Amino acid sequence: MLSGKPLRERAASLVQSFSDHCPLPGARRKALSNREIEKALEALYRKAAAFSREQRLGIVNRARFAKAFQDELLDRGYPADLVMKITGAVSAKALAGNQSGKPVATHSPNSS
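So, here's what we can say about the structure. As the structure is a prediction and not an experimental result, all values here were calculated from the model. (Residues numbered from 1 in each chain as written. Predicted model: local features only at pLDDT ≥ 70, side-chain atom pairs only at ≥ 80, totals over all residues. Heavy atoms only, no water.)

This part is about the overall build of the protein chain. Of the regular secondary structure elements, the protein chain holds 4 helices and 0 strands. Listed by position from the N terminus, the elements making up the protein chain come as α-α-α-α. Here the protein chain, with 112 residues, has 32% of them falling under the buried criterion. For the protein chain, the share of sequence-separated contacts (at least 6 apart) that also reach a separation of at least 24 residues comes to 70%. (Helix = DSSP H or I, 4+ residues; strand = E, 2+ residues; numbered from the N terminus. Buried < 20%, exposed > 50% of the residue type's maximum accessible area, 1.4 Å probe, protein only. Contact = heavy atoms within 4.5 Å.)

Going through the model one piece at a time under the given rule, you end up with 2 aromatic pairs. Aromatic side chains phenylalanine 18 and tyrosine 78 sit 6.1 Å apart centroid to centroid with 45° between the ring planes, which places their arrangement in the tilted category. Placement of the pair is phenylalanine 18 in helix H1 (residues 4–21) and tyrosine 78 in the loop between helix H3 (59–75) and helix H4 (80–95), with a sequence separation of 60 residues. As far as the burial class goes, phenylalanine 18 and tyrosine 78 line up, both buried. Each ring, one from phenylalanine 51 and one from phenylalanine 65, has its centre 5.2 Å from the other, and the planes form 35°; the classification is tilted. One end of the pair, phenylalanine 51, is in helix H2 (residues 34–55); the other, phenylalanine 65, is in helix H3, with 14 residues separating them in the sequence. Classification of phenylalanine 51 as buried rests on a relative accessible area of 8%. (Phe/Tyr/Trp six-rings, centres within 6.5 Å; stacked < 30°, edge-to-face > 60°.)

Looking now at the pattern of salt bridges. Per the counting criterion, the structure on display carries 3 salt bridges. The residue aspartate 71 makes a salt bridge to lysine 67 at a minimum N-O spacing of 2.8 Å. On the criterion of helical spacing, the pair formed by aspartate 71 and lysine 67 is a turn pair, its members being 4 residues apart in helix H3. A residue is classified by how much of its surface remains accessible, and lysine 67, at 44% relative accessible area, is partly exposed. (Salt bridge = Lys/Arg side-chain N within 4 Å of Asp/Glu carboxyl O.)

Let us look at the nonpolar core. Of all hydrophobic cores here, the largest spans 26 residues; its most connected members are Phe18, Leu44, Phe65, Phe69, Leu73, Ile86 and Val90. Elements with a minimum of two residues in this core: H1, H2, H3 and H4. Here this core gets 7 residues from one element, more than from any other, and that element is H2. If sequence neighbours within four positions are ignored, phenylalanine 18 has contacts with Ala40, Leu41, Leu44, Leu73, Tyr78 and Ile86. (Core = buried A, V, L, I, M, F, W, Y, C linked by side-chain atoms within 4.5 Å.)

With that settled, the discussion passes to the side chain of glutamine 70. Tracing the chain through its elements places glutamine 70 in helix H3. By relative accessible area, which is 17% here, glutamine 70 ends up buried. Each residue touching glutamine 70, except ones within four places of it in the same chain, is listed here: Val83, Met84 and Thr87.

To characterise two packed helices, one gives the angle between the axes of the helices and the distance between these axes. Relative orientation of the contacting elements H1 and H2 amounts to 165°, with a least axis distance of 10 Å. Accordingly, the angle class assigned to the pair H1 and H2 is roughly antiparallel. Classified by chirality, the crossing of H2 by H1 is right-handed. Here H1 contributes Leu7, Arg10, Leu14, Ser17, Phe18 and His21 to the contact with H2, which in turn contributes Ala40, Leu41, Leu44, Lys47, Ala48 and Phe51. (Axes fitted to C-alpha atoms, helices over the stretch in contact; angles between N-to-C directions. Parallel < 35°, antiparallel > 145°, perpendicular 65-115°, else oblique. Left-handed = near helix turned anticlockwise from the far one by under 90°.)

Here it is in structure tokens:
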């Protein structure tokens, strides 16, 4: 089981990578297109999912990782409402469900 430090370090690494592509709103840089933001978010989801799979994170460590990721975004000055949206998306797209990368079936159409 991973301790908190590697989880926090990986979360910080992912936030750094994300902030390199999507700096803080209002930062002195040209405005990003929706496509550029979408690409940065997709890369973030892939990296978070890969980390979760490689480390075989259980539910507790996935929650710790999501919290560390959220805290890191807030510490860097991202607006709280944006942080909540990004963290929620990372949790849903990259950390939730099974670790095979396939959707989890919740209901069988033939069951009553």
